[in-house]
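# Architecture and fold: a report
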Amino acid sequence: MTTATRQEVLGLYRRIFRLARKWQAASGQMEDTIKEKQYILNEARTLFQKNKNLTDADLIKQCIDECTARIEIGLHYQIPYPRPIHLPPMGLTPLQGRGLRSQEKLRKLSKPVYLKSHDEIS
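Each value, and the rule that gives it
By convention here, each chain's residues receive numbers from 1 onward along its written sequence. The predicted nature of this model means local features are confined to residues of pLDDT at least 70 and side-chain atom pairs, given and counted, to a pLDDT of 80 or more, with totals for whole chains, interfaces and linings taken over all residues. Values shown for side chains rest on all heavy atoms present in the structure; no hydrogens or waters enter the calculation. Only DSSP runs of H or I covering at least 4 residues are called helices, and only runs of E covering at least 2 are called strands; the numbering of each starts at the N terminus. Burial here depends on accessible area, computed with a 1.4 Å probe over protein chains only, as a share of the maximum for the residue type. Under 20% is buried, over 50% is exposed, and the range in between is partly exposed. Residue contacts are defined here by distance: any two heavy atoms, one from each residue, within 4.5 Å place the two residues in contact. Each accessible area is a Shrake-Rupley estimate made with a 1.4 Å probe; only the visible protein chains count as cover when residues are assessed. Scored from 0 to 100, pLDDT records how confident the predictor is in each individual residue. Think of a salt bridge as a Lys or Arg side-chain nitrogen and an Asp or Glu carboxyl oxygen that are within 4 Å of each other. We call a set of buried residues a nonpolar core when its members are Ala, Val, Leu, Ile, Met, Phe, Trp, Tyr or Cys and they connect through side-chain atoms within 4.5 Å of each other. Without a salt bridge and with relative accessible area above 30%, a residue can belong to a patch; like charges are then joined within 9 Å and nonpolar side chains (Val, Leu, Ile, Met, Phe, Trp, Tyr) within 5 Å. Positive charges come from Lys and Arg, negative ones from Asp and Glu, while His and the chain ends are left out of the count. The atoms used to mark charge sites are NZ of Lys, CZ of Arg, CG of Asp and CD of Glu.

Right, let's talk about the overall build of the protein chain for a bit. Scanning the protein chain for helices and strands turns up 5 helices and 0 strands. Each of the 122 residues in the protein chain was classed as buried or not, and the buried ones make up 27%. Sequence separation of at least 24 residues holds for 65% of the intrachain contacts in the protein chain that already meet a minimum separation of 6. With the model as given, the accessible surface of the protein chain reaches about 8,700 Å², and the carbon-plus-sulfur share is 56%.

What follows is the structure, given as structure tokens:
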């Protein structure tokens, strides 16, 4: 990991912790705020610990993009949880038939950047 990338990652980590400190739940209830703050901190710790040994520059960039997208989406919608995607089970049909492998491949490719690591830790 280069020094610039390391600084960017540490900056994102600090930004998440600052965000968690200032977070207010959309419902305005204190117990919801506490739960959401705890979720933000636990999610950040889990994902950063999981990815701390990455060495591939492309994977690191992908993780940085995912982190940035999740921060922006959380701030915009005022929810810390990842937004689900809604695809019907056979909604992505390939042109040459309905093979299950190609369905799974298309489903994986259609997953938004902010959900790439969500299924891995859930």
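The backbone of glutamine 78 shows a phi angle near 60°, a positive value even though the residue is not glycine. Relative to the helices and strands, glutamine 78 resides in the loop between α3 (57-77) and α4 (100-110).

The next subject is the environment of aspartate 32. Within the secondary structure layout, aspartate 32 lies in helix α2 (residues 30-50). For aspartate 32, a relative accessible area of 26% puts it in the partly exposed group. In this view, aspartate 32 contacts Ala25 and Ser27; residues no more than four positions away in its chain are not counted.

The next subject is the confidence of the model for the protein chain. Detail in the predicted coordinates should be disregarded across regions flagged by low pLDDT. For the protein chain, per-residue confidence averages 83 on the pLDDT scale, and 70% of positions sit at 70 or higher. Mean pLDDT across the elements of the protein chain ranges from a minimum in helix α5 (residues 118-121), with 58, to a maximum in helix α1 (residues 3-22), with 95.

Another point: the pattern of salt bridges. The final tally for this structure, using the stated rule, is 4 salt bridges. One salt bridge connects glutamate 72 with arginine 15, and the closest N-O pair in it is separated by 2.7 Å. Linking glutamate 72 in helix α3 with arginine 15 in helix α1, this pair joins segments that are 57 residues apart in sequence. Exposure remark for glutamate 72: the relative accessible area of 40% places this residue in the partly exposed category. Across the pair lysine 61 and aspartate 65 runs a salt bridge, and its minimum N-O distance is 3.3 Å.

What follows deals with the nonpolar core. Counting 13 residues, the largest nonpolar core has Leu12, Ile16, Ile40, Ile64, Cys67 and Ile71 as the members making the most contacts within it. Those elements that provide at least two residues to this core are α1, α2 and α3. The element best represented in this core is α1, accounting for 5 residues. If near-sequence neighbours (up to four positions away) are discounted, cysteine 67 is found in contact with Leu12, Ile16 and Phe48.

Another point: a positive patch on the surface. A surface patch of positive charge is lined by Arg14, Arg18, Arg21 and Lys22. For arginine 14, the position within the fold is in helix α1. Relative accessible area serves as the criterion here: at 42%, arginine 14 is assigned to the partly exposed category.

This brings us to a nonpolar patch on the surface. A surface patch of nonpolar side chains, about 260 Å² in accessible area, is lined by Tyr77, Ile79 and Tyr81. Assignment of secondary structure puts isoleucine 79 in the loop between α3 and α4. With a relative accessible area of 31%, isoleucine 79 lands in the partly exposed category.

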